Every structure is written in structure tokens, then in C-alpha cells.
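One letter stands for each residue in the lines below.
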Amino acid sequence: MCNILVTGAEGQLGQCFQVVAKEFPIHNLIFESKKTLDITKAESLDRVYHQHPFEGIINCAAYSKVDQAEIETEKANQINHLGIQNLVALAEQKDLFIIHFSTDYVFDGKQRIPFKEGHATNPLNCYAHSKLAGEKVLRKSKCSHITFRISWLFSPFGSNFVKTILRFSKMKKDIKVVNDQFGRPTYGIDFARDVLDKLNHPDFFDFNGYHYANKGAISWFEFAMKIIDFSKSSCAVNPCSTSEYDTLAVRPSYSALDTERIENHLSLSLSNWEDALQRCLKRIELK
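Parameters at a glance
- Throughout this document, residue positions are counted from 1 along each chain, in the order its sequence is written.
- Given that this is a predicted model, residues contribute local features only at a pLDDT of at least 70 and side-chain atom pairs are listed and counted only at 80 or more, while totals for whole chains, interfaces and linings are drawn from all residues.
- Think of the side-chain values as coming from all heavy atoms in the structure, minus any hydrogens and water.
- Between N-to-C directions, angles cover 0 to 180 degrees, with each direction set by a line fitted to C-alpha atoms, over the stretch in contact for helices.
- Every helix listed is a DSSP run of H or I at least four residues long, and every strand listed is a run of E at least two residues long, numbered separately from the N terminus.
- Throughout this description, any angle smaller than 35 degrees is read as roughly parallel, any larger than 145 degrees as roughly antiparallel, any in the 65 to 115 degree range as roughly perpendicular, and the remainder as oblique.
- Rotating anticlockwise by less than a right angle from the far helix to the near helix defines a left-handed crossing, while the corresponding clockwise rotation defines a right-handed one.
- We call two residues in contact whenever any of their non-hydrogen atoms come within 4.5 Å of each other.
- Each residue gets one of three labels, nonpolar for Ala, Val, Leu, Ile, Met, Phe, Trp, Tyr, Cys and Pro, charged for Asp, Glu, Lys and Arg, and polar for the others, Gly among them.
- Whenever a carboxyl oxygen of Asp or Glu lies within 4 Å of a side-chain nitrogen of Lys or Arg, that contact is scored as a salt bridge.
- A simple rule labels every residue: compare its accessible area, found with a 1.4 Å probe on the protein chains alone, to the largest value its type can have, and call it buried under 20%, exposed over 50%, or partly exposed in between.
- At least two bridges found by DSSP between two strands is the condition for calling them paired.
- Nitrogen and oxygen atoms within 3.5 Å of one another constitute a polar contact, given that in protein one can donate a hydrogen and the other can accept it, and given that sequence-neighbouring residues count only through two side-chain atoms.

A. Summary view of the packing of helix 7 (residues 220–230) against helix 9 (residues 273–286). The N-to-C vectors of helix 7 and helix 9 enclose an angle of 45 degrees; their axes lie 11 Å apart at closest approach. Here helix 7 lies oblique to helix 9, going by the angle between them. Helix 9 is crossed by helix 7, and the crossing has right-handed handedness. Between helix 7 and helix 9, the residues in contact are Glu222, Phe223, Lys226, Ile227 and Phe230 and Trp273, Glu274, Leu277, Gln278 and Leu281, respectively. Taken together, the residues of the contact of helix 7 with helix 9 sort by class into six nonpolar, one polar and three charged.

B. Region of interest: the pattern of salt bridges. Scanning the entire structure with this criterion turns up twelve salt bridges. Between Glu135 and Arg149 there is a salt bridge, and its shortest N-O distance comes to 2.7 Å. With Glu135 in helix 4 (residues 126–139) and Arg149 in strand 5 (residues 145–150), this pair connects stretches of sequence that are 14 residues apart. Side by side, Glu135 and Arg149 carry an identical accessibility label, which is buried. Here Arg279 ties to Asp275 by a salt bridge, and the two come within 3.1 Å at their closest N and O atoms. Here Asp275 and Arg279 lie together in helix 9, a separation of four residues that amounts to about one turn. Residue class for Arg279 comes out partly exposed when judged on its relative accessible area of 29%. The exposure class assigned to Asp275 is partly exposed, which follows from its relative accessible area of 35%.

C. Local environment of the sheet that holds strand 5. The sheet built from six strands is open, its strands ordered 2-1-3-4-5-10 with parallel pairing. Since the sheet does not close on itself, it has two edges, and those belong to strand 2 (27–31) and strand 10 (209–212), each with one partner. Shown here is a sheet whose adjacent strand axes are inclined to one another by a mean of 25 degrees, direction ignored. Sheet analysis places strand 3 (residues 56–59) next to strand 4 (residues 97–103), joined by four bridges and oriented parallel. Within the sheet, the bridge partner assigned to Ile57 lies in strand 4 and is Ile98. Contacting strand 3 and strand 4, helix 3 (residues 73–94) runs over the sheet at an angle of about 160 degrees to strand 4.

D. How the structure looks around unusual backbone geometry. If you check the backbone angles, Lys232 has positive phi at about 55 degrees while not being a glycine. If you trace the backbone, Lys232 turns up in the loop between helix 7 and strand 12 (236–240). Although it is not a glycine, Ser267 adopts a positive phi angle of roughly 50 degrees. Position of Ser267 among the secondary structure elements: in the loop between helix 8 (260–265) and helix 9.

E. Fine view of the side chain of Ser169. Looking at where Ser169 falls in the secondary structure, it is placed in helix 5 (residues 161–171). The class for Ser169 is buried, based on a relative accessible area of 11%. At 2.7 Å, the side chain of Ser169 forms a polar contact with the backbone oxygen of Leu166.

Here it is in C-alpha cells:
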């Protein structure tokens, strides 16, 4: 059995790993939240390692508030960039592997075909800059590592688009959603399950990066429409342009990820986003 530290255990993605952990008894996952482990402090990592030695790290700790990062730029950089330096230092010293997560927002969205792992990056906002900086630190490390870029993460946990639309639909008769930003939703529970399922695949660490998302590229408006439809809400969804929706951070107009590498290399079959959404909504209903 392999002992694996999961940082950021109370965040959205960390909770997804907690939900599926029991399906993989071959992995002993050690869950630590930001209350018990601060990846920006090397001594905090050392303390946890000596308490519960582990062979690898699944890093779910992240600063993920895209708009707030324009204000808290230093904090975003501390967690998403400098925190990775601390993880790498420990991993190189103790011969650990690192599984890390990044974002589709490292791309500028100026093309209209799905982005492959090797496409040139050009982040448009502070959040994405901090995530790309973390990617680069890990890419230069000497430890075994992999970075998964994921997009439009949703789940029954934390704050995400699906839960926001559900909440607004109960408060308002109609809502506006942008129809000129396109991407691929990622169901966090599917993702966590696939990561743990493929972790022992002999070719898992062949590349330093994979793209992962559920099948189908859509707009936020289309996503919202389907959430309203599946939840049988009477709330009306009206399309609007990005220019009509004022946000602090600039977002790419197209950030769909090409997932051919992970599908082919790890023999992975990805579900359609609509199917994943239905399963997510059922879990939310049961909470």
C-alpha cells in the first residue's frame, strides 16, 4: 500500500478525492486541510511528513478565486507558485512523486481548436499567471511528477458554476450568463476517480502534463441552460456578452482542452459533460 499526502483536503477537489478514496484501498490517502498543513511553509510540510511518512503528494491546495486574485496577487502567487517550490524541495529530498493540478486559463483563447498540452501558453489574468508559474517550477524538478490541466471544475462541493446557478435559480426569476466564452466542464468526482485508478499505470509518469475534461465543448450559457433544465427550475436564462458582464479578471474566450493524450496513453474513456452533470445534480439532491 502506498501512502499519499493529499493537500487542500477541504477544498472542492480535495473533497472529490475524499469521496472516491474508499474505492481504492491500494492507496492510503492522508488528507490534510489548510488548517493542518500550509504548503507555503516548509516547516509545516516537514512536520506532516515526520508524523505520517508518505511516498507521494496529490496537491489539491490552490488559490482558485480568479477575480480576487487580481487584488490578492501576492497571496495567489504564494500558494500557486511558491507553495509548489516547497513541495518540490521536499519531494526531491525524500524521493517522492507529485501530482499537481493547473488550469485551462493558462491559454489566451485566441484559437478555435482545442488546446493540446504543447500549445504555447499566454495567461490573461493573475490567477492563471500564478498557476503557470507553479507548472514551470514542477516541470524543472527532478522528482517524478505530473500536472493535470483541468477546466470548468464542478462538483457537489465548494463553490462552482453548477452550485451558483442552482442558488441563483432559487432566488431569481431570470439570470444572465455569458454566451461567448467556450470550454469543457470537468466533473471533479470523475476526475479524482480516474487519477486514482490510473496512478499505478506503468506509463502514468511518461509525460509531465495531461489535459483532462469531460467530453463536449460548450458556452457558459449552454451549461447554465442544461443545469436549469435538469434541475427542473422555472428560472429563465438569458444570454449576454462578456463585455456586458463586468469582472476583475480577463478570461479566455475559448479554452477547450484537447484530451487525446490522456485518453490514448492511459486508455481512458471520458464521459460526456451532460451525463456527468446529471450525476452531480443527483448527489447534490442527496446532500
